[in-house]
Amino acid sequence: MSTDPTPDFGSVDALEVPPVSLEAEASALDADDPLKHHRAAFVGAETPLVYFDGNSLGRPPRATVDRLSRFVTDEWGGRLIRGWDESWMQLPFTIGDRIGALALGAASGQTLIGDSTTVLLYKLLRAALDAQMTADPRRVEIVVGRDDFPTDRYLVEGIAAERGARVVWVDVDTSRGVDAELLGAAVTDRTAVVLLSHVSYRSGYLADGAALTRIAHDAGALVLWDLCHSAGSVPVELDAWGADLAVGCTYKYLNGGPGSPAFAYVAERHQRTLTQPVQGWMGAADVFSMGPVYRPADGMRRFLSGTPPVLAMIAMQDTLDLIEEAGIGAVRAKSVALTEFTVRVADGILSPLGVRLASPRDSAERGGHVTLSHPAMRAVTAHLWEGDVIPDYRDPHGLRIGLSPLSTSFAETLTGLRAVADAVRAER
Ligand SMILES: *Cc1c(COP(=O)(O)O)cnc(C)c1O
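All of these numbers come straight from a predicted model, not from anything done at the bench.

Description of the pairing of strand β3 (residues 141–145)
Most of β3 is tucked away, with 5 of its 5 residues classed as buried. Residues E141, V143 and G145 point to one face of β3 and I142 and V144 to the other, with burial holding for every one of them. As paired elements, β3 and strand β4 (residues 166–170) share 5 bridges and run parallel to each other. Opposite G145, over in β4, you have V170 as the bridge partner.

This is the structure:
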């Protein structure tokens, strides 16, 4: 019998060794966690509250309290209008490049911070569709998953109506997402653009970015990746995939704060040929010449429209610092360990109560959250929130357990899942 203080629980022989309690397993995993020190870097991590919704709104880093306060007094208050020349005008690009380098596999000059995810998706989808329809008038189809996030689906419908394009809906199993087989069957020589979620917001299904990009390209289509549930949790390799375009949230795993603006990636090869529809002065070639007609800037600046939301984009830099320190590979390793632990605990204490896993079982096909399904989950969620255990609810019957690798501990995860079991029992 092993006396190793860090046993491999996967190989424990149940006949020789008494079962290890889940609590002992959680504390061993926490003790061995190379990222455990990062948890203390977040506001509220010292309280007993269990937070399972960092995939919807990440916790604030403690450093952000000071950063925001210093910004108001020193930069906004001290530099006033001079701040624009001194640094703020460049901030969408300097922060964008950092996200690109640390989390997206994107070389510099291809990522910016812009508007909301919805608005950036609109701008890039329209730009891509227009370019494709101009190059080949038969390419009039936009391919999108029927279970994609609502804003993505609504935008596709609106843009199709605006441009006389057609929507090709890909039907998916709601506990998975669009995979290679489904995409291969949907794209043709009429496909203009494919809009794909890298990690499905509902199931957590993790798409194969390289394979799906290749399938779209083989059909002559452009790909726009929605990275909302990937950025800061799952490594992305946009340049290596040969991706065309991408957009993602910064208030989820990047902890930029409520409503912090999104990032957009445009592969360098497309930057001079795509034109986006919201032609504002900040995207013009010479912003302060205030010229008579719009002429888009050559590089990424053409994807900006109006004045950058500086105050809203500064907080995310603190999480970028943490990711830089940890490395996105270690962040993903912790994320996988957290979701695997969640699935094991769910198998042990929730499945006997009729709770079903509505996420992929294989971590290679799973992003940073786990969705658990039971008919009582809507009521269970309300019950849990009252007790300071905070997951979120998504139809049909799905409880999403969001696990932020930098701020979530294994003990916190187990406490929360035991509370889920109690709440399911109470609602039955
Ligand atoms: C969170 C999320 C959005 C949100 O868009 P906003 O414009 O920030 O409201 C869009 N798409 C996906 C896939 C998301 O998960």
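As for the side chain of Q110
As for its position among the elements, Q110 is in the loop between α4 (91–104) and β2 (111–113). What makes Q110 buried here is its relative accessible area of 6%. A polar contact is formed between the side chain of Q110 and the backbone oxygen of A107, at a distance of 3.0 Å. Among the polar contacts listed, one links the side chain of Q110 to the backbone nitrogen of E268, at a separation of 2.9 Å. Leaving out residues up to four positions away in the same chain, Q110 has contacts with D97, D239, A264, Y265, V266, A267, E268, Q271 and M300.

Considering helix α8 (residues 209–218)
Among the residues making up α8, those that are buried are G209, A211, L212, T213 and A216. Tucked into the core, α8 has its buried residues touching α7 (180–186), β5 (191–197), β6 (222–226) and α9 (238–241). Of the residues one or two after α8, G220 is the one with positive phi, at around 85 degrees.

Observations regarding the packing of helix α5 (residues 117–135) against helix α6 (residues 150–163)
One can describe the packing of α5 onto α6 by two numbers: an axis separation of 10 Å at closest approach and a directional angle of 40 degrees. Taken together, the axes of α5 and α6 lie oblique to each other. Classified by chirality, the crossing of α6 by α5 is right-handed. On α6, the residues touching T118, L121, Y122, L125, R126, L129, D130 and M133 of α5 are T151, D152, L155, V156, I159, E162 and R163.

Considerations on the sheet that holds strand β13 (residues 398–402)
One open sheet holds the 4 strands; their spatial order is β9-β10-β13-β12, and the pairing between them is antiparallel. Of all strands in the sheet, those bounded by a partner on one side alone are β9 (356–357) and β12 (392–394). Here helix α12 (residues 328–350) sits on the sheet in contact with β9, β10 (369–373) and β13, set at roughly 20 degrees to β10.

Looking at the domain arrangement of the chain
You can read the domains of the chain as domain 1 (12–61 + 327–427) and domain 2 (66–314). Put simply, the middle of domain 1 and the middle of domain 2, counted by C-alpha atoms, are 30 Å apart. Listed per partner, the contact involves 29 residues of domain 1 and 23 residues of domain 2. Joining domain 1 to domain 2, the criterion identifies 1 salt bridge.

A few points about unusual backbone geometry
A cis amide bond, omega -10 degrees, links D395 with the succeeding residue P396. Topologically, P396 is positioned in the loop between β12 and β13. Unusually for a residue other than glycine, L80 sits at a positive phi of about 50 degrees. With a phi close to 65 degrees, H397 is a non-glycine residue in the positive phi region. Relative to the helices and strands, H397 is located in the loop between β12 and β13.

Concerning the environment of G283
Among the structural elements, G283 can be located in the loop between β8 (263–266) and α10 (310–313). A C-alpha to C-alpha distance of 9.6 Å links G283 and T307, two positions 24 residues apart in sequence. Among residues more than four places away in sequence, those in contact with G283 are Y294, R295, P296, A297, R301, R302, L304 and S305.

Here's the deal with the pattern of salt bridges
Inspection of the entire model under this criterion finds 32 salt bridges. Close ionic contact of R98 with D321 constitutes a salt bridge, the shortest N to O distance being 2.9 Å. Note that R98 is positioned in helix α4 and D321 in helix α11 (residues 316–326), a separation of 223 residues in sequence. A salt bridge links D147 to R202, with the shortest nitrogen-to-oxygen separation between them at 2.4 Å. Of the two residues, D147 is situated in the loop between β3 and α6 and R202 in the loop between β5 and α8; the sequence distance between them amounts to 55 residues.

Considerations on a nonpolar patch on the surface
There is a patch of nonpolar side chains on the surface, built from V72, W76, L80, I81 and L311 and spanning about 520 Å² of accessible area. Position of L311 among the secondary structure elements: in helix α10. Given the relative accessible area of 43%, L311 is considered partly exposed.

Focus on the site of the ligand
Residues in close proximity to the ligand include S116, T117, T118, F149, T151, D152, D226, C228, H229, C249, Y251 and K252, which together make up its full environment. Here an oxygen atom of the ligand sits 3.0 Å away from a polar atom, N or O, in the side chain of H229. In isolation the ligand exposes 390 Å². Once the protein is present, 86% of that is buried. For the shell around the ligand, a count of residues per class yields 4 nonpolar, 5 polar and 3 charged.

Rules used in this analysis
- Residues numbered from 1 in each chain as written.
- Predicted model: local features only at pLDDT ≥ 70, side-chain atom pairs only at ≥ 80, totals over all residues.
- Heavy atoms only, no water.
- Buried < 20%, exposed > 50% of the residue type's maximum accessible area, 1.4 Å probe, protein only.
- Helix = DSSP H or I, 4+ residues; strand = E, 2+ residues; numbered from the N terminus.
- Pairing = 2+ DSSP bridges.
- Polar contact = N/O pair within 3.5 Å; in protein donor to acceptor, adjacent residues only side chain to side chain.
- Contact = heavy atoms within 4.5 Å.
- Axes fitted to C-alpha atoms, helices over the stretch in contact; angles between N-to-C directions.
- Parallel < 35°, antiparallel > 145°, perpendicular 65-115°, else oblique.
- Left-handed = near helix turned anticlockwise from the far one by under 90°.
- Domains from an automatic or database assignment.
- Salt bridge = Lys/Arg side-chain N within 4 Å of Asp/Glu carboxyl O.
- Patch = residues over 30% accessible without salt bridge, like charges linked within 9 Å, V, L, I, M, F, W, Y side chains within 5 Å.
- Areas by Shrake-Rupley, 256 points an atom, 1.4 Å probe, with all protein chains shown as cover.
- Near = heavy atom within 4 Å.
- Nonpolar A, V, L, I, M, F, W, Y, C, P; charged D, E, K, R; others polar.

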